[in-house]
Amino acid sequence: MGAQHSAINKEHLDHMKEISNFTEPELKRLYRRFQMLDKDGSGTLTTDEFLSIPDLALNPLLERVLTIFDLNKDNEIEFSEFVQTLSTLSDKGSKQDKLKFLFQVYDMDNDGFIGNGELFQVLKMMVGTNLNDIQLQQIVDKTIIEGDLDKDGKISFEEFLLMIGNNEGIEEKLSVNWSE
């Protein structure tokens, strides 16, 4: 029996309820959506399968976001990873967890800091050719100078929170409703 037609078992469902903010009916809906995305029936999602979603295919940060989804770093997204990340990004996720997720988008080497080069790379993904590298580097340098309160040349999570944490509407911008 292929993964495309299997239902989520009770034990797996109970585990998913423990690691997420989702109810049983929401998890069953998410599992059906996960299976629809899992074109090859492997039980995991790849970047290419995510790229089959038109809205996501246009997102320049898709690969960065998928790297964060991929908690065990095996280049595939298991259902548990899918659920945990969507739980963070759902309207039930905490603002702190959403901001941590956003910080991880920029912290490409996972060292707990956003360096000048990381900020440049992520912004380059976002702006493409709209700015040249010199203009972009000026924005990066200005951002690092303004946000780097302890003057160590990089932005810590605490400094990041001070920079954007009080931004009106940030929580709504970081919320995704996948449960409907």
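Before any of the text, the structure's been laid out above.
Residues numbered from 1 in each chain as written. Predicted model: local features only at pLDDT ≥ 70, side-chain atom pairs only at ≥ 80, totals over all residues. Heavy atoms only, no water.

Would you mind showing me how to read the side chain of Ser20 here?
When you line up the elements, Ser20 lands in the loop between helix 1 (10–19) and helix 2 (24–37). You can call Ser20 buried: its relative accessible area is 10%. In terms of polar contacts, Ser20 uses its side chain to reach the backbone carbonyl oxygen of Met16, at 2.7 Å. Among the polar contacts made by the side chain of Ser20, one reaches the main-chain amide nitrogen of Phe22 at a distance of 3.2 Å. Ignoring anything within four residues of it in the chain, the contact list for Ser20 reads Leu27, Val83 and Ser87. (Helix = DSSP H or I, 4+ residues; strand = E, 2+ residues; numbered from the N terminus. Buried < 20%, exposed > 50% of the residue type's maximum accessible area, 1.4 Å probe, protein only. Polar contact = N/O pair within 3.5 Å; in protein donor to acceptor, adjacent residues only side chain to side chain. Contact = heavy atoms within 4.5 Å.)

Please clarify how helix 6 (residues 79–89) should be interpreted in this entry.
Note: α-helices contain 3.6 residues per turn, so residues at a spacing of three or four share the same orientation. Most of helix 6 is tucked away: nine of the 11 residues are buried. Buried within helix 6 we find Phe79, Glu81, Phe82, Val83, Thr85, Leu86, Ser87, Thr88 and Leu89.

Sorry, what's going on with the nonpolar core here?
Soluble globular proteins tend to bury their nonpolar side chains together. Formed by 44 residues in total, the largest nonpolar core has its most connected members in Phe50, Phe79, Phe82, Tyr106 and Phe160. Mapped by element, the contributors of at least two residues to this core are helix 1, helix 2, helix 5 (62–69), helix 6, helix 7 (95–106), helix 8 (116–127), helix 9 (133–147) and helix 10 (157–164). (Core = buried A, V, L, I, M, F, W, Y, C linked by side-chain atoms within 4.5 Å.)

What should I look at first to understand the packing of helix 1 against helix 2 in this one?
Two quantities define a packed helix pair, namely the angle between the axes and the distance from one axis to the other. Between helix 1 and helix 2, the least distance of the axes is 10 Å, while the angle of their chain directions is 110 degrees. As the angle between them shows, helix 1 and helix 2 are arranged roughly perpendicular. Judged by the sense of rotation from one axis to the other, the crossing of helix 1 with helix 2 is right-handed. Contacts from Lys10, Leu13, Met16 and Lys17 of helix 1 reach helix 2 at Glu24, Leu27 and Lys28. (Axes fitted to C-alpha atoms, helices over the stretch in contact; angles between N-to-C directions. Parallel < 35°, antiparallel > 145°, perpendicular 65-115°, else oblique. Left-handed = near helix turned anticlockwise from the far one by under 90°.)

Any chance you could explain the packing of aromatic side chains here in plain terms?
Aromatic ring pairs are defined here through the distance separating the ring centres and the angle between the ring planes. Going through the model one piece at a time under the given rule, you end up with 10 aromatic pairs. These aromatic residues form a ring-pair network of at least three members: Tyr31, Phe34, Phe50, Phe69, Phe79 and Phe82. Stacked on the ring of Phe157, the Lys or Arg Lys100 has its end atom at 4.5 Å from the ring centre. Across the ring face of Phe113, the terminal group of Lys154 is positioned such that the distance to the ring centre comes to 4.2 Å. (Phe/Tyr/Trp six-rings, centres within 6.5 Å; stacked < 30°, edge-to-face > 60°. Lys NZ or Arg CZ within 6 Å of the ring centre and 35° of its normal.)

I would appreciate a short explanation of unusual backbone geometry in the present structure.
Excluding glycine, most residues fall at negative phi; most peptide bonds, likewise, are trans. The backbone phi angle of Asn75 is positive, close to 65 degrees, even though this residue is not glycine. As for its placement among the helices and strands, Asn75 is situated in the loop between helix 5 and strand 2 (77–78). Positive phi outside glycine occurs at Asn110, with the angle close to 55 degrees. Along the chain, Asn110 turns up in the loop between helix 7 and strand 3 (113–114).

Can you walk me through helix 7 in this structure?
Taking 1.5 Å as the rise per residue, helix 7 with 12 residues should run 16 Å; its terminal C-alpha atoms sit 17 Å apart, in good agreement. For helix 7, every residue scored as buried is listed here: Lys98, Leu99, Phe101, Leu102, Phe103, Val105 and Tyr106. (Expected span 1.5 Å × (residues − 1).)

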